[in-house]
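# Structural features, examined
Listed here are the chains, written in short residue letters.
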Amino acid sequence: DETVVLAGEIGDLVSVARRSGDEWFVGTITDDSAQELDLALDFLPTGRTYAAQILRDGDNLTTVVVETLDVTRDSIIPVQMIASGGHAMWLHPKD
């Protein structure tokens, strides 16, 4: 339904959010260097709380860490990616 580019540098990293109905899907990838990014969720609607299921890099490219947080449009998610790594997030309304 909607696509928002959250961050990007040619040859460095890209982070994109896509909406389908009330759900959002966020994906971030990096080049061959480790990256850190503070990901603002200000694209979310005002007054709603979302459950964010986050999949992020572990210590290497074969491990994934999964966590769930409650977030709003005021939330900022710190994203740390290993070289050639990435980050994914599924956001769905709690109400």
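Let me sum up the structure you'll find in this document. (Residues numbered from 1 in each chain as written. Predicted model: local features only at pLDDT ≥ 70, side-chain atom pairs only at ≥ 80, totals over all residues. Heavy atoms only, no water.)

### Describing the environment of Ile-29
The condition that has to hold: Segments assigned H or I by DSSP are reported as helices when at least four residues long, segments assigned E as strands when at least two residues long, and all are numbered from the N terminus. Buried, partly exposed and exposed residues are distinguished by accessible area as a fraction of the type maximum, computed with a 1.4 Å probe on protein chains only: under 20%, between the cut-offs, and over 50%, respectively. Throughout, a contact is declared for two residues whenever any of their heavy atoms are within 4.5 Å.
With respect to the element layout, Ile-29 can be found in strand S3 (residues 23–30). Judged by relative accessible area, which is 52%, Ile-29 ranks as exposed. Considered as a pair, Ile-29 and Met-81 are 52 residues apart in the sequence and their alpha carbons are 8.1 Å apart. In this structure Ile-29 touches Asp-12, Leu-13, Val-14, Met-81, Gly-85 and Gly-86, once residues within four positions along its chain are discounted.

### Some details on the side chain of Thr-28
The condition is simple: N or O atoms closer than or at 3.5 Å make up a polar contact, with two conditions inside protein: a donor-capable atom paired with an acceptor-capable one, and, for residues adjacent in sequence, both atoms drawn from side chains.
With respect to the secondary-structure elements, Thr-28 resides in strand S3. We classify Thr-28 as buried; its relative accessible area is 2%. Within the local environment of Thr-28, its side chain forms a polar contact with the side chain of Ser-15, the two groups lying 2.7 Å apart. Setting aside its immediate chain neighbours within four residues, Thr-28 contacts Val-14, Ser-15, Leu-37, Met-81, Gly-85, Gly-86 and His-87.

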